[in-house]
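Each chain is listed here by its residues.
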Amino acid sequence: MKIKHASVFTPHGRFETKDVCIEGERFAQGCQDAQEVDAQGCLLIPGLIDIHFHGCAGFDFCDATEEALQRIGAYELQNGVTLICPATMTLGEEELLKICKFAAAYAHNWKPGATARLCGINLEGPFISMEKKGAQNPAYIKAPDADMFQRLADASEGLVKLITIAPETEQAMAFIRRYAASVRISIGHTGCGYETAMEAFGLGASHMTHLFNAMPPFTHRNPGPVGAGFDCAYVTPELICDGIHIAPAAVRATFAMFGDGRVILVSDSMMATGMPDGDYSLGGLAVSVHGSHALLKDGTLAGSATNLMDCMRTAIRNMDIPIESAVKAATINPARAIGQDREYGSIEPGKYADFVLLAADTLDIRQVYVHGQLVGNGY
């Protein structure tokens, strides 16, 4: 198959008008298949990759049911997200073991077609700070437990790609030292200062869970974990660009500080995403959703009600982030962070043909492809 006349987002981080060839499930150097798709007036970008979200379409990843993962995967794919690494919440070990086992079985049986591919698990808790718990359930928060994590990793059959740690908690540094080579350790839900964060990054932590949210602020005398992350060139910060979690000026400042090769857009979406306003739940806690606001009873933000494609559009349209930077932050950057960049994240021969055609003027989705297959009949 040949996609013609599109403005293609290249691995060099810019758009070029060129043909894109697909053979079977992958991008190819040349086209053997005579089928052609005229994409005049469209942008062709890699499928988006969300490495931190909890649910959508009325379901939560932690439901750990076939229906939940099918509905979540279908919604994400319809909205241009072709690869997903959903996040757990702070729950008890038995519940987390169940989630990890089910996700592993589901991922093993996935076939391209109607749903995004589940490529990993993001353990957001329970090894976090009580002080900065956010919308996490305090009943299950505990100090980092290496043995518990190993049981979860084993149950997931290697699917756990990310874990959030508050580095100031007891045994946190020993945990980071032990596991930094086998899982991407993210600093988050933490009250730590600059020095503690620097120690954690020095031991191998390399990621930051929803930068600015649930952590001390960056100030001129106390740069905190944000300043430490900036000072370590290998650290990748997540940003929630739903227009609620972070002010546009702070988003622009983050891209300027960290560079668009490090920033990762995430949605942090919960089950109300794609649903009407109303009452929902997250990690066993009641959440009220009105418009883009998802709040606990005490007013704490409880994730977002916005999918990653809309977050990317918001960054471009409302926050003045260049489209090239926003696309990088939603595709190749998250792919690198969870070790999927050899197969996904950019339009290159040999990689899986996951891509989205967007109307160049409105950024509306025209077609979504996963592993070379058109999703539905286009939009």
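Since the structure is predicted, the reported quantities are computational estimates derived from the model, not experimental observations. (Residues numbered from 1 in each chain as written. Predicted model: local features only at pLDDT ≥ 70, side-chain atom pairs only at ≥ 80, totals over all residues. Heavy atoms only, no water.)

Draft legend 1. A look at the side chain of Ser156. With respect to the helices, strands and loops of the structure, Ser156 is situated in the loop between α3 (146-155) and β14 (160-165). Not counting residues within four places of it along the chain, the set of residues in contact with Ser156 comprises Cys100, Ala104 and Ile121. (Helix = DSSP H or I, 4+ residues; strand = E, 2+ residues; numbered from the N terminus. Contact = heavy atoms within 4.5 Å.)

Draft legend 2. Fine view of the state of the cysteines. Applying the stated criterion across every chain yields a total of 1 disulfide. With its sulfur 1.8 Å from that of its partner, Cys21 forms a disulfide with Cys31. Looking down the S-S bond of the Cys21 and Cys31 bridge, the torsion is -100 degrees, so its handedness is left-handed. Of this pair, Cys21 sits in strand β4 (residues 20-23) while Cys31 is found in the loop between β5 (26-28) and β6 (36-38), placing the two residues 10 residues apart along the sequence. Relative accessible area serves as the criterion here: at 26%, Cys31 is assigned to the partly exposed category. Of the cysteine sulfurs around Cys56, a residue in no disulfide, the closest is that of Cys311, at 12 Å. Of the cysteine sulfurs around Cys100, a residue in no disulfide, the closest is that of Cys62, at 9.3 Å. Here Cys100 falls in the buried class, since its relative accessible area comes to 0%. (Disulfide = S-S within 2.5 Å. Buried < 20%, exposed > 50% of the residue type's maximum accessible area, 1.4 Å probe, protein only.)

Draft legend 3. Broad picture of the packing of aromatic side chains. The tally for this structure, following the rule as stated, stands at 9 aromatic pairs. With a centroid separation of 5.4 Å and 75 degrees between ring planes, the pair formed by Phe149 and Phe175 is classed as edge-to-face. Of the two residues, Phe149 is situated in helix α3 and Phe175 in helix α4 (residues 172-179); the sequence distance between them amounts to 26 residues. Residue Phe149 is classed as buried on the basis of its relative accessible area, which comes to 3%. Relative to Tyr369, the ring of Phe355 has its centre 4.4 Å away and its plane inclined at 10 degrees; by these criteria the two rings are stacked. Of this pair, Phe355 sits in strand β22 (residues 355-359) while Tyr369 sits in strand β23 (residues 365-370); the two residues are 14 residues apart in sequence, bridging distant segments of the chain. Here Phe355 and Tyr369 have matching classes, each one buried. (Phe/Tyr/Trp six-rings, centres within 6.5 Å; stacked < 30°, edge-to-face > 60°.)

Draft legend 4. View of the environment of Arg252. Relative to the helices and strands, Arg252 resides in helix α7 (residues 248-258). On a C-alpha basis, the gap between Arg252 and Phe15 in space is 21 Å, while along the polypeptide they are 237 residues apart. The residues contacting Arg252, other than those within four sequence positions of it, are Met319, Asp320 and Ile321.

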